[in-house]
Amino acid sequence: MTKHDVAVVGIGQTKFRSKRRDVNIPEMIYEAVKMALDDAQLEPKEIDAIIIGNMDHFEGINFSELLCGIEAAPGYLKPVVKVATGGTTGSSLAICGYHNVASGIYDNVLVVGWEKLNEGGATTGIITAFDPVWERPSLAGALGPLALMAGMYSAKYGITAEQAAKVTVKNRSNAANNPFAHLQMPNITIDYVMSSQMIAYPLRLHDCCPQSEGACALIYANEQETKKITDNPAWFHAVETAHYYTFGTDDKMFDLPTATIASKKAYKKAGIKNPIKDLDVAEIYEPTSWSELSWTEGLGFCKPGEGGKLLDEGITQMSGELPVNPSGGVLSTNPIGATALVRVAEAAIQIMGRGEKRQVPDVEKALAMGFGGSLWTEIMILGKNPLR
Amino acid sequence: MTKIGKVAIVGVAQTKYEKDKIDQTYSELVFEVVKKLHNDLGITNDDVGCVITSSNDFNDGRTIANMAIQDAVGSVRKAESRVSGDGAFAFMYGAMRILSESYDTVMVVSHCKCSEVNQYLVNNTIFDPYYQRHLGLDQISSAGLMANMYMNKYGVTEEQAAKVVVKNRKNALNNPYAHLREEITIKDVLNSKMMAYPLKELDFPPFSDGAVAMLLAKEDVAKKMTETPVWFKGYGNCTDAYYLGNRNMTDLIGLELAAKEAYRMAGINKPNKNLDVCEVSENFSVHELMIYEALGLCDKGEGGKFIESGETEMNGSIPVNPSGGVLSSNPTMANGLIRVAEIALQLQGKADKRQISNAKTGLAYGMNGICSQGNCVLIFGGE
Amino acid sequence: MSKNRKLKKDFFEIKWKTDLPYRYSIGKLAVKFFEELKANKKIMGSKCPKCEKVHFPPRAVCADCMVEMTIEDMVELPPKGTLEGFTVINYPFTDPSTGGIRPFPYGYALFKLDGADTYTMHFVNETDVNKMKIGQRVEAVFNEELIGDLTADIPYFRIIKEEN
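Draft legend 1. Highlighting the sheet that holds strand β11 (residues 374-381) of chain B. Residue and element names in this part refer to chain B. Strands sit in the order β3-β2-β4-β7-β1-β8-β11-β10-β9 across an open sheet of nine strands; the sheet is mixed. Strand pairing shows two members of the sheet lacking a second neighbour, β3 (79-83) and β9 (277-280), which therefore form its edges. Across the sheet, the mean angle separating the axes of adjacent strands is 25° when strand polarity is ignored. On the sheet, helix α1 (residues 26-41) packs against β1 (7-14), β4 (105-113) and β7 (209-218) and is oriented at approximately 145° with respect to β4.

Next up, the structure:
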């Protein structure tokens, strides 16, 4: 069998905003695609295949890849495939791109995730992800279950609202260093978060991610093509997925068991024994501030119940041993179809040393995470050199 | 493209395709084929590395449509991903996961229920909200436009088109899974209600409910699991323009290029001679004639003459759609994967009454979007 | 930011609403559930014949065993349970079933029915978070007239003040 090494060789992102009234969907996506092509110095015709994703219910366009793959990306007379898995869409795209190149079928691939949420309705769309008879009547979008999870997490381990607010402060002030981030708040304070309106106890407005519009594009290539394109790529070391029951509430979910399952497999593949020591940066998918504390436990960064302590000790701050979300994370930018792909893009940027103001020093291994659906987790580990 | 490894289909399972499976949830529909596949192969869920599914949110009425079937496909605590499009594309992603040496076995599942929503409304949502959607375009009207332009350019007649329907509906009599299993005549087709000139009601497929599943395995595992592995040989994927006005409406350019690439990979120089059987996703009668030309089975413009030659009949030199095709069973999202399943059965010698004798190389074609905008051509070999 | 305000004036909006009605199949177990709810005020779950895990809501597949559950495998569950998590929803959003805004604030909780091995979500009739606590006992409140619809027949669960 001939398996290939896969690297990220080109990155493009739009500046994420709450409303991009100035562009239509293909125009918005093209911004990211052009940036990625210019970054990799590739002509559109040199792209072998395009994998594109978004949640089609949110913008109300069925088979949106057939529109955007042609009008916004160089998909005319080329392969165009759509992968769409809810919140994990971005990471599912990233993983699909990996397999497309690792399998040897294509030498390079353009992966695009996008969302223009304000042209439809995200919460309404998310409610339709759930069972029409049993779950939809009471469900309040994604924030309902996330609020339940935060409450249970808090009750079990005594995590406080203040500790959660610290996450928002960390991430949105990190976002001030990221020119693409949606909510950049260099002067945000804990008080600001804790005095915002309670929207679903214990989640306050600023404990929750925003709704953003924008696109993210990545170009992958195999080892031969990568040599021709760049001497500073970011190589994939491991990709893993773990899913859970159809009914998300079948099991107590706040500790995200799928994060533990997927990360264990990914760490094994990538040779990571102690995440805090062996990883240099992590871009995790935190839909709420409480989630980041809980997910760091699920990913094995600390013991169950110690997520708050991990942050209090500064380990996940920019100056800490394992900075989490130097880009600002999902709390700062959330275009659903692209969010998880942005995590991969940001992890790649860190590996390549192109993070500028948000660069973590000496990054050799980075983790990117996707979350969504009925508590699914996808883990991608990238490294400075191919895994051997 | 560098040398690629080997991956085979070791088993397939299908439901009976029907108008309305009102008593089954999506979970039950999918579990039916998954369980059947496990039982037929004598495996449990532990033997399945990961699952790739194919479904469509608008059709299922559910964002993240694959969430409804997690329990049924056995992906709890395991990996599953979903291609939002025709099942043939999901097959290829599944094959890639084996070729990338990430998994030993991959199960690919595709499901679709047309009975839960008005299909014309869903088709209309495929069109962009800026220009085309307001015209009320859907699969039917687009097909009418395409058929009219094609027939006008090449002088293809409505009788020739009707021959496709008669052929496929007759073939379906041999397929116990098919939805419509009733012979019809050319006259029946010509006299049926006009839907979108020049296409009439019987030029179009029914709307069906159903699901299909198959297990893919890497070379050494496949050889242990079955004596008749069906090897993946070639793949081509090509997307035509989006706006109907930008498309070449008389020739399926996307399919032509996809087929060329698949033939190149599979080492096929003369499709008529090298292929023993074809299963194509013909979404209307005239479509199949255009498909013959795009696949290189006959010259451009000769599709009408080709069906009249009888070469694509069961006893012809290149049988097309021995299963009855989409014109007999149409669970839209699953059509491509059903074509793959039918080719697998042919190459395994398990196609019973619809078996083409000595079938060694087969072609399966799945499409996405309106009138062959997205095209996936797959070539399989029995050896 | 000021650039955005200028752009706002330059664009006009067209709002367009589409109805896309679906006829969902709920399956035989759900049908039995609603029949029993309507006729006998019973709440039923399904028990896996292999691992004996009791699922609520009832469904046709036990995901852990990949084994089918039928209406023969349905078991009655008491209308009482224990609160495992709760929240009060306090923001507007469009309800996809009605097309209108769902009235808020409303209480919404996760609880386990006695005898069930899975958790479930539903409304609770409390919008003061200080009056709710994990571990409280809850019970289903049935409507006078039962028609075979989940939220019409069991509009909410109430916190059993007497037992807490």
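Here the narrative resumes, following the displayed structure.
Draft legend 2. Representation of helix α1 (residues 25-40) of chain A within the structure. Residues and elements named next belong to chain A. Helix length check: α1 (16 residues) gives 23 Å between terminal C-alpha atoms against 22 Å at 1.5 Å per residue, within 8%. For α1, the complete set of buried residues consists of Ile25, Pro26, Met28, Ile29, Ala32, Val33, Ala36, Leu37 and Ala40. Check the buried side of α1 and you find it contacts β1 (6-13), α2 (56-59), α3 (64-71), β4 (108-116), β7 (213-222) and α9 (223-229). A side-chain oxygen of the first residue of α1 lies 3.0 Å from the backbone nitrogen of Glu27; this N-cap is Asn24.

Draft legend 3. Structural view of the pattern of salt bridges. Enumeration over the complete set of coordinates arrives at 48 salt bridges over all chains. What emerges from the salt-bridge pattern is a single network uniting Arg20, Asp22 and Glu31 of chain A.

Draft legend 4. Layout of the sheet that holds strand β1 (residues 43-47) of chain C. Residue and element names in this part refer to chain C. Spatial ordering of the open sheet is given by β2-β1-β5, a layout of three strands whose pairing is antiparallel. Each edge of the open sheet is held by one strand with a lone partner, namely β2 (54-55) and β5 (74-77). Where β1 and β5 come together, four bridges link them in antiparallel fashion. When the sheet's bridge partners are listed, Ile43 is paired in β5 with Leu77. Helix α2 (residues 27-40) contacts β1 and β5 of the sheet and is inclined by roughly 150° relative to β1.

Draft legend 5. Expanded view of the interface of chain A and chain C. Between chain A and chain C, the residue contacts involve 36 residues of the former and 44 residues of the latter. Of the roughly 3600 Å² buried where chain A meets chain C, counting both sides, 65% is carbon and sulfur surface. Together, Arg21, Trp134 and Leu148 of chain A form the three largest contributors to the area buried by chain A at its contact with chain C, with a combined 21%. Linking chain A to chain C there are three salt bridges. Glu13 of chain C is the salt-bridge partner of Arg21 of chain A, the closest N and O atoms lying 2.6 Å from each other. Applying the counting criterion to the chain A and chain C interface returns 19 residue pairs in polar contact (both at pLDDT 80 or more). Mapped onto the side of chain A that touches chain C, the elements with two or more residues apiece are α5 (122-127), α6 (143-157) and β5 (198-200) of chain A. Top contributing element to the side of chain A that touches chain C by residue count: α6 of chain A, with eight residues. Classifying every residue of the side of chain A that touches chain C gives 19 nonpolar, nine polar and eight charged.

Draft legend 6. Fine view of the packing of aromatic side chains. Following the criterion strictly, the structure yields 29 aromatic pairs over all chains and no others. Measuring from centroid to centroid gives 6.3 Å for Tyr153 of chain A and Phe254 of chain A, while their planes differ by 40°, and the two rings are tilted. One end of the pair, Tyr153 of chain A, is in helix α6; the other, Phe254 of chain A, is in the loop between β8 (234-242) and α10 (257-270), and 101 residues separate them in sequence. The class of Phe254 of chain A is buried, set by a relative accessible area of 6%. Here the aromatic rings of Tyr157 of chain A and Phe254 of chain A are separated by 6.4 Å at their centres, their planes lie at 75°, and the arrangement is edge-to-face. Linking Tyr157 of chain A in helix α6 with Phe254 of chain A in the loop between β8 and α10, this pair joins segments that are 97 residues apart in sequence. These aromatic residues form a ring-pair network of at least three members: Trp134 of chain A together with Phe33, Phe34 and Phe56 of chain C.

Draft legend 7. Examining empty space enclosed by the protein more closely. Enumeration according to the criterion identifies nine cavities of 30 Å³ or more in this entry. The space that makes up the largest cavity amounts to roughly 380 Å³. Lining the largest cavity are 27 residues; nearest its centre among them are Asp131 of chain A, Thr25 and Ser27 of chain B together with Ser25 and Ile26 of chain C. Of all the secondary structure elements, the ones that give two or more residues to the lining of the largest cavity are α1 of chain B together with α2 of chain C. Per-element accounting of the lining of the largest cavity gives the leading share, four residues, to α2 of chain C. Broken down by class, the residue content of the lining of the largest cavity amounts to 13 nonpolar, five polar and nine charged. Here the second largest cavity is characterised by a volume of approximately 200 Å³. Taken together, 19 residues line the second largest cavity, and the ones lying closest to its centre are Phe63 of chain A together with Gln139, Thr332, Met333 and Gly369 of chain B. When residues of the lining of the second largest cavity are traced back to their parent elements, those giving at least two are α5 (119-124) and β10 (361-368) of chain B. Counting residues per element, the lining of the second largest cavity draws most heavily on α5 of chain B, which supplies three residues. Split by residue class, the lining of the second largest cavity holds five nonpolar, 13 polar and one charged.

Cut-offs applied
Residues numbered from 1 in each chain as written. Chains lettered and ligands numbered in written order. Predicted model: local features only at pLDDT ≥ 70, side-chain atom pairs only at ≥ 80, totals over all residues. Heavy atoms only, no water. Pairing = 2+ DSSP bridges. Helix = DSSP H or I, 4+ residues; strand = E, 2+ residues; numbered from the N terminus. Axes fitted to C-alpha atoms, helices over the stretch in contact; angles between N-to-C directions. Contact = heavy atoms within 4.5 Å. Expected span 1.5 Å × (residues − 1). Buried < 20%, exposed > 50% of the residue type's maximum accessible area, 1.4 Å probe, protein only. Polar contact = N/O pair within 3.5 Å; in protein donor to acceptor, adjacent residues only side chain to side chain. Salt bridge = Lys/Arg side-chain N within 4 Å of Asp/Glu carboxyl O. Buried area = accessible area lost by both parts, 1.4 Å probe. Nonpolar A, V, L, I, M, F, W, Y, C, P; charged D, E, K, R; others polar. Phe/Tyr/Trp six-rings, centres within 6.5 Å; stacked < 30°, edge-to-face > 60°. 1 Å grid on protein atoms, 1.4 Å probe; cavity = no way out; pocket = protein on both sides within 12 Å on 5 of 7 lines; lining within 4 Å. Points joined across faces, edges and corners; volume = space filled by probe spheres on them.

All we've got here are geometric facts, nothing functional implied.
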